[in-house]
Amino acid sequence: MTMVHHHELFGLSLRSQLPLPELGESVSGGAADVRISIDPELDVVDGGQAIAVEGIATYAVIGGRHIIVRPEPGAATQNVRLYLLGSAMGMLLHQRGVLPLHANAIDVGGRVVAFAGPSGSGKSTLALWFADHGHRVIADDVCAIRIDDAGRPMVSPGIPRLRLWREAIEASGRSVAGFERSYAGDESFDKYDMPGDRLVGRSRDRSLAALYILERGQRFAIEPLGGVDAAEAVFANTYRGHYVARAKNAGAHLRASMALIGTTPLFRVTRCWGFERLHEEAEAIARHAADIAARSLAAA
């Protein structure tokens, strides 16, 4: 008999044949929102979308409720989980009408602020700075946003870890010893997963107070974004945005994006690159975020 594991992620309860130690076990209660099953013979995807990762696995994502995994022979289980919790879950969120942003989310004074940007823009490095200064990380890399009945964007908890390059970990005064590589079998991919006490795995959804778009530049600045610029920023920073059409739920993506833009202040943060300026810039961002969070609470 196949053992079943129960987990929670992005506000969803998961019932999985594949253990997901990154998430920890949760207490089973009622029917699961999502089933994850393993089928070594998976060939035809009926009524869903197939995501094939060469040398790793094929994932069939069906109706926002079921993911079938066909691992490739010899593929490291860690890497199978990597794409399951990333690309496959991204497709599933799009199918369910949840807006996934390529962003990290931080609890600031009881509200959430999110930092979006492409890979290498410093999202996780900034999140680590916030965690080291007493804030909880709500989501790393994928920030799942639901629009509640009142039209407010709410952030659901993500994977309770930070994924960081070696240089970012060492710049924080830590060693990579004891941290697991993010991708098994490739020593040139020098990225590691850092679990921690200040990383939230299971908790309630939280209101999104602000979205910051990270960019590199010659001088530090925080500037408001509105109108077409705000819309373009949300579309550009949608996680696996090219899945929107494949998920056949473009209308839900547009509605969630417009609700986010219409209710939540967006800012462009231009940062001077380099760890020597990180503390100074992060402090300025933290002050700005704390002010926005306080005003959001006062208006609630």
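This text follows the structure it describes.
Because the structure is a prediction, the values reported are computed rather than measured.

Enquirer: What's the story with the overall build of the protein in this structure? I'm lost.
Expert: Along its length, the protein carries seven helices and 17 strands. Here the protein has a C-alpha radius of gyration of 19 Å; the compact-globule value for 300 residues is 19 Å, and the two agree. The C-alpha extent of the protein, read off along each of the three principal axes, is 55 × 45 × 35 Å. Put simply, the protein has 300 residues, and 50% of those count as buried. Within the structure as shown, the protein displays about 13700 Å² of accessible surface, and the carbon and sulfur contribution to it stands at 50%.

Enquirer: Please explain the packing of aromatic side chains as it appears in this structure.
Expert: Two aromatic rings, taken as a pair, are described by how far apart their centres are and by the angle between their planes. Counted under the stated rule, the structure contains six aromatic pairs. Each ring, one from Phe115 and one from Phe130, has its centre 5.5 Å from the other, and the planes form 40°; the classification is tilted. With Phe115 in strand 8 (residues 111-116) and Phe130 in helix 2 (residues 123-132), the pair connects residues that are 15 residues apart, well separated along the chain. Phe130 carries the same exposure label as Phe115, and that label is buried. These aromatic residues form a ring-pair network of at least three members: Phe115, Trp129, Phe130, Tyr212 and Phe267.

Enquirer: How should helix 6 (residues 250-263) be read in this particular structure?
Expert: One full turn of an α-helix is made of 3.6 residues, so residues set three or four places apart face in the same direction. Over its 14 residues, helix 6 runs 20 Å from end to end, which matches the ideal 20 Å to within 8%, given 1.5 Å per residue. If you check which residues of helix 6 are buried, you get Ala252, His253, Ala256, Ser257, Ala259 and Leu260. Here the buried residues of helix 6 occupy an arc of 160° about the axis, which is enough to place them on one side. Away from the buried face of helix 6 by more than 90 degrees, exposed residues Arg255 and Gly262 are located.

Enquirer: For this particular structure, what's the right way to read the pairing of strand 6 (residues 66-71)?
Expert: A regular strand carries its side chains on alternate faces of the sheet. Looking at chain direction, strand 3 (residues 34-38) and strand 6 are connected through four bridges and run parallel. Counterpart to Ile36 in the pairing with strand 6 is Ile67. The turn joining strand 5 (residues 57-62) and strand 6, which pair antiparallel and follow one another in sequence, is formed by three residues; a positive phi near 60° is taken by Gly63.

Enquirer: Whenever I open this one, the layout of surface pockets confuses me. Can you help?
Expert: One simple way to see leftover space: roll a probe sized like a water molecule over the atoms. When its volume is computed, the largest pocket comes out at roughly 1000 Å³. Taken together, 46 residues form the lining of the largest pocket, with Ser124, Asp141, Arg163, Leu164 and Lys191 sitting closest to its centre. Secondary structure elements with two or more residues in the lining of the largest pocket: helix 1 (77-96), helix 2, strand 12 (162-165), helix 3 (166-171) and strand 14 (191-194). Counting residues per element, the lining of the largest pocket draws most heavily on helix 1, at seven residues.

Enquirer: Looking at this model, I keep getting lost on unusual backbone geometry. Mind explaining?
Expert: For residues besides glycine, phi is generally negative; the peptide bonds are generally trans as well. Residue Arg240 is not a glycine yet carries a positive backbone phi of 50°. As for its placement among the helices and strands, Arg240 is situated in the loop between helix 4 (227-236) and helix 5 (243-247).

Enquirer: Help me out: how do you make sense of the packing of helix 4 against helix 6 in this one?
Expert: A pair of packed helices is captured by two measures, namely the crossing angle of their axes and the spacing between those axes. The contact between helix 4 and helix 6 brings their axes to 10 Å, and the two run at 130°. The orientation of helix 4 relative to helix 6 falls into the category oblique. Viewed along their axes, helix 4 and helix 6 form a crossing whose handedness is right-handed. Counted together, Ala230, Ala231, Val234 and Phe235 of helix 4 and His253, Leu254, Ser257, Met258, Leu260 and Ile261 of helix 6 form the full contact between these two elements. Of the residues belonging to the contact of helix 4 with helix 6, the class tally is eight nonpolar, two polar and no charged.

Enquirer: Quick question: what am I supposed to make of the sheet that holds strand 12 here?
Expert: Sheet strands pair via backbone hydrogen bonds, and the direction of the pair is either parallel or antiparallel. Taken in spatial order, the three strands of this open sheet run 12-14-13, and their pairing is antiparallel. The two strands at the open ends of the sheet, each matched to only one other strand, are strand 12 and strand 13 (180-181). The sheet contact formed by strand 12 and strand 14 spans four bridges and is antiparallel. The residue of strand 14 that forms the bridge with Leu162 is Met194. Where helix 2 meets the sheet, it contacts strand 12 and strand 14, and its direction lies at approximately 115° from that of strand 12.

Analysis parameters
- Residues numbered from 1 in each chain as written.
- Predicted model: local features only at pLDDT ≥ 70, side-chain atom pairs only at ≥ 80, totals over all residues.
- Heavy atoms only, no water.
- Helix = DSSP H or I, 4+ residues; strand = E, 2+ residues; numbered from the N terminus.
- Rg over C-alpha atoms; globule rule 2.2 N^0.38 Å.
- Buried < 20%, exposed > 50% of the residue type's maximum accessible area, 1.4 Å probe, protein only.
- Areas by Shrake-Rupley, 256 points an atom, 1.4 Å probe, with all protein chains shown as cover.
- Phe/Tyr/Trp six-rings, centres within 6.5 Å; stacked < 30°, edge-to-face > 60°.
- Expected span 1.5 Å × (residues − 1).
- Arc of directions from axis to C-beta.
- Pairing = 2+ DSSP bridges.
- 1 Å grid on protein atoms, 1.4 Å probe; cavity = no way out; pocket = protein on both sides within 12 Å on 5 of 7 lines; lining within 4 Å.
- Points joined across faces, edges and corners; volume = space filled by probe spheres on them.
- Axes fitted to C-alpha atoms, helices over the stretch in contact; angles between N-to-C directions.
- Parallel < 35°, antiparallel > 145°, perpendicular 65-115°, else oblique.
- Left-handed = near helix turned anticlockwise from the far one by under 90°.
- Contact = heavy atoms within 4.5 Å.
- Nonpolar A, V, L, I, M, F, W, Y, C, P; charged D, E, K, R; others polar.

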